[in-house]
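# Structural characterization, general
One-letter residues, chain by chain:
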Number of protein chains: 2
Amino acid sequence: MGQAETKTFSVEALREFATRIFLHFGVSQQDAAQAADVLLCADLRGIDSHGVARLHSYFELLQEGKINPRPQVKVIRSTASTATLDGDNGLGLVVGPQANRMAMDLAEKSGTGWVSVCATNHFGIAGYYVLKALENDLIGWAMTNSTKLVAPVWGAEPMLGTNPIAIAFPAKDEPPIVIDMATSAVALGKVEMALRKGTSIPTGWGMDREGRSTTDPEDIMKGGMLLPLGSDRERGAHKGYCLGVMVDVLSAVLSGANWGPFTVPFVLRNQIPSRSVGKGIGHFFGAMRIDAFIDADEFKSQMDEYVRVFRATRPEPGTSGPLLPGDPEREAEQVRRKEGIPLLPAVVKDLLDISEKIGVPLSEPH
Amino acid sequence: MGQAETKTFSVEALREFATRIFLHFGVSQQDAAQAADVLLCADLRGIDSHGVARLHSYFELLQEGKINPRPQVKVIRSTASTATLDGDNGLGLVVGPQANRMAMDLAEKSGTGWVSVCATNHFGIAGYYVLKALENDLIGWAMTNSTKLVAPVWGAEPMLGTNPIAIAFPAKDEPPIVIDMATSAVALGKVEMALRKGTSIPTGWGMDREGRSTTDPEDIMKGGMLLPLGSDRERGAHKGYCLGVMVDVLSAVLSGANWGPFTVPFVLRNQIPSRSVGKGIGHFFGAMRIDAFIDADEFKSQMDEYVRVFRATRPEPGTSGPLLPGDPEREAEQVRRKEGIPLLPAVVKDLLDISEKIGVPLSEPH
């Protein structure tokens, strides 16, 4: 992404703008600020596809009345360490943080907490939720299912979303380990980027609409599909497929949401599933108190050593050696907190479109 | 694996033989039967590398006094939904099932149960434990760390084991979904198989001792290493690396076991780690009561539908369509329960060697 193409906005200007969009549709002040916080977290961490770049989709869904701006989130069922929530078709950016807090509360009482959620919508980056757990000195887990885009091994149609898994482990003096990964070989954002640049994509990322391997990003965007992590059977794509199924079942079958190919699409122009098998999409959150297993200080000292030992791995020829999970996002955040968020022209255009339609000003960069 | 090369043994003959080996070293009757049950489960399910083929390694470790045949497994710490166990350096095949039962007991009381274990040894196939959870109508999780064999992305030395993850979900009329996968691109057994057959291996499986990509299985066996699921950075190997780290931290850092490159080797001839950072290797088990989240019957009916919908996926050209996780192992089990367990000559030779050394007869096939 060339610097020349982008315009850089201050974090606070974008946060203010996003908050006001949500407020415009009747979302409460607290929920609007919460929703904006999740989006800005993605932008800060360099996950551009999941930040304010998605604001236009949320805007459309709210405008069409497809999302409830004032959800009454209900606990459907609970035990000492679990709960199932009905998100009342609220923003995932609001329902997700609420469910995640509930998982953390359960962990405080019972050692761990596990919350499955139905009747919800896209919740932003899974990493947001595990970072919140870190703030509370907990090991956090987050998963969600999403619109169908990934083919099972030996299948020629999309049946699963890119179904991400996030988990984070705190350290003491070293940075925490923060894992946040789609279970597909690659995120759709990278295919969109190749299309924009006019470059081909590596084999192993996706297939065309007929289920044939392709290196043309257009084939994927026009009715094609992504491949599971592992890319092909020989290199373990059945494992990526298994992980996608795991996320789908924990998030959606366990909560009573739509699963697999019936998952509600995020974007209005996408095809509506042939039938409904549950309510909305599904998330799954977990929180584990470290001292439910081991002395928390001992754990964090070991994690410090873990990080140091892995950084000292002998480098592969031509590289500077391994990173730790979460390094790239943390580095992006350090830069962007100082310098602001660079947005592509297409994203700026989308934001200006919203601004014009509902009369909320977007502070242009200086 | 050609039929001509193998000899087929009855399940009961192998079970009896394995049990008597463990008894010989002072393992109790109950524990010996338990350990043999884990090994035979692997053989029945077609995971030949983890069944009686490993008996010789257990035999050597017991003979050298490296494993405690009469462990006093201790609960170090616990909460309503968690426990940490010290396996007292017992057989993983004995400590693992005990820890797994504890996870299931916690789930009965608190909705879910999570048990991290240190001071243990290799526990057989992760799938065994989640099958036990299924017998109790629970969703089961199992993970373990293991001897270093996998390089982190951009690393040129093995730092992680093949660190498997297993999870299983029950259905009603359809078979359950049973996931059991190494977090490396491929299991070492497949490299050994290629070496035996004299064939090359696909790119993306491993590297030689210098960290260079190789298609020669000998390069991997002689000081080389495996690659994480995803194979290379472009196709998501950082995700396989993340999963390997996740399993390592949950199993070993959380329990106080050895992690990463310090994980105790399973085979005596393997290099001893440069230092010790904990006790033995580590496992992590989980159990979730379905009705802690949703009506169990409703869940299982949806899982039936899930299985049917995924089986009906449009097939990739040249294939008969997707499998469900657990299909190949279940099919192997159906055949082997009837026809017995085919063993390669090298495995039979190992068993006869044990038989001769300690005077326990091995019933030859008819």
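Only a predicted model underlies this, so the values are computations on that prediction, with no experimental measurement involved.

The rules behind these values
Note that residues are indexed from 1 along each chain, following the sequence as it is written. As they are written, the chains are lettered A onward and the ligands numbered 1 onward, keeping that order. It should be noted that, the model being predicted, local features are given only for residues of pLDDT at least 70 and side-chain atom pairs only at 80 or more, the latter also being counted only at that level, while totals for whole chains, interfaces and linings use all residues. Throughout, an axis means a line fitted to C-alpha atoms (over the contacting stretch in the case of helices), and angles, computed between N-to-C directions, take values from 0 to 180 degrees. We count a stretch as a helix when DSSP gives it H or I for four or more residues in a row; a strand needs E for two or more, and each element gets its number in order from the N terminus. Angular relationships are summarised with four words: roughly parallel below 35 degrees, roughly antiparallel beyond 145, roughly perpendicular across 65 to 115, and oblique for the angles in between. Whether a crossing is left-handed or right-handed is set by the direction in which the near helix is turned from the far one by less than a right angle, anticlockwise for left-handed and clockwise for right-handed. For every residue pair, C-beta atoms are placed from the backbone, and the pair is scored as a contact if these atoms sit within 7 Å. Asp, Glu, Lys and Arg are counted as charged, while Ala, Val, Leu, Ile, Met, Phe, Trp, Tyr, Cys and Pro are counted as nonpolar; the rest, among them Gly, fall into the polar class. A least-squares fit on C-alpha atoms brings the copies together, and the residues used are those whose pLDDT is at least 70 in both copies. Should DSSP find at least two bridges between two strands, the strands are regarded as paired. The source of the domain bounds is an automatic or database domain assignment. Using C-beta atoms placed from the backbone, we call a residue buried if 20 or more other C-beta atoms fall within 10 Å of its own, exposed if 12 or fewer do, and partly exposed for counts in between. For a crossover, the right-handed case is the one in which the path from the first strand over the helix to the second runs clockwise, viewed with the strands pointing away from the viewer. Directions drawn from the helix axis to the C-beta atoms are what define this arc.

## Section: the packing of helix α1 (residues 11-24) of chain B against helix α2 (residues 29-44) of chain B
Residues and elements named next belong to chain B.
- At a closest axis distance of 8 Å, the pairing of α1 and α2 adopts a crossing angle of 140 degrees. The angle between the axes of α1 and α2 places the two elements in the oblique class. Taken as a pair, α1 and α2 cross one another with a handedness that is right-handed. Of the residues in α2, those in contact with Val 11, Leu 14, Arg 15, Ala 18, Thr 19, Phe 22 and Leu 23 of α1 are Gln 29, Ala 32, Ala 33, Ala 35, Ala 36, Leu 39, Leu 40, Asp 43 and Leu 44.
- Broken down by class, the residue content of the contact of α1 with α2 amounts to twelve nonpolar, two polar and two charged.

## Comments concerning the relation of the copies chain A and chain B
- Screw-axis analysis of chain A against chain B gives a translation of 0.0 Å along the axis, an RMSD of 0.0 Å, and a rotation angle of 180 degrees. The operation mapping one copy onto its partner corresponds to a two-fold rotation axis. Considering only C-alpha atoms, the residue of chain A closest to the rotation axis is A:Gly230, which sits at 2.2 Å.

## A word on the sheet that holds strand β7 (residues 177-181) of chain B
- Taking strand neighbours across the sheet as the criterion, the seven strands line up as β2-β3-β4-β11-β5-β6-β7 (chain B) in an open arrangement whose pairing is mixed. Only two strands of the sheet have a single partner each, and these edge strands are β2 (74-78) and β7 of chain B. Adjacent strand axes in the sheet meet at a mean angle of 15 degrees when their direction is disregarded.
- Direction of pairing for strand β4 (residues 112-120) of chain B relative to strand β11 (residues 281-289) of chain B: antiparallel, over a ladder of seven bridges. Within β11(B), the position partnered with B:Ser116 by the bridge is B:Phe284.
- Against the sheet, helix α8 (residues 237-253) of chain A engages β6 (165-169) and β7 of chain B, with an angle of about 130 degrees to β7(B).
- Each of β4, β5 (138-144), β6 and β11 of chain B touches helix α8 (residues 237-253) of chain B; the most contacted strand, β11(B), lies at about 90 degrees to it.

## Structural notes on the domain arrangement of chain A
- Domain annotation of chain A identifies domain 1 (1-70 + 340-366), domain 2 (72-184 + 235-312) and domain 3 (186-226).
- Between the C-alpha centres of domain 1 of chain A and domain 3 of chain A the distance comes to 27 Å.

## Concerning the interface of chain A and chain B
- Taken together, the contact between chain A and chain B spans 68 residues of the former and 68 residues of the latter.
- Secondary structure elements with two or more residues in the side of chain A that touches chain B: β3 (82-86), β4 (112-120), β6 (165-169), β7 (177-181), α8 and α9 (296-311) of chain A.
- At seven residues, α9(A) tops the list of elements feeding residues into the side of chain A that touches chain B.
- Residues that form the side of chain A that touches chain B fall into these classes: 38 nonpolar, 21 polar and nine charged.

## A word on the pairing of strand β3 (residues 82-86) of chain B
Residue and element names in this part refer to chain B.
- Counting buried positions along β3 gives five out of five residues, so the element sits mostly inside the fold.
- Side chains Thr 82, Thr 84 and Asp 86 project from β3 onto one buried face, and the interleaved Ala 83 and Leu 85 project onto a second face that is buried too.
- Where β2 folds back onto β3 in an antiparallel hairpin, the turn is made up of three residues.
- Bridge count between β3 and β4: five bridges; the pairing is parallel. Following the sheet pairing, Leu 85 is matched in β4 by Val 117.
- Handedness of the crossover joining β3 and β4 through helix α4 (residues 92-110) is recorded here as right-handed.

## Topic: helix α6 (residues 188-197) of chain A
Residue and element names in this part refer to chain A.
- Looking only at α6, the buried set comprises Leu 188, Val 191 and Ala 194. End-on view of α6: buried residues confined to an arc of 120 degrees, all on one side of the axis.
- Directly after α6, the chain includes Gly 198, whose backbone phi takes a positive value near 75 degrees.

## Some remarks on unusual backbone geometry
- A positive phi is found at A:Trp154, a non-glycine position, where the angle reads about 75 degrees.
- Residue placement: A:Trp154 occurs in the loop between β5 (138-144) and β6.
- The backbone of B:Asn89 sits at a positive phi, close to 55 degrees, despite the residue not being glycine.
- Along the chain, the position of B:Asn89 falls in the loop between β3 and α4.
- For B:Asn89, a count of 18 C-beta atoms within 10 Å puts it in the partly exposed group.

## Remarks on the environment of A:His50
Residue and element names in this part refer to chain A.
- As for its position among the elements, His 50 is in the loop between α2 (29-44) and α3 (55-63).
- As a C-alpha pair, His 50 and Glu 108 span 58 residues in sequence and 30 Å in three-dimensional space.
- Contact partners of His 50, with chain neighbours within four places excluded, come to Ala 42, Gly 124 and Ile 125.

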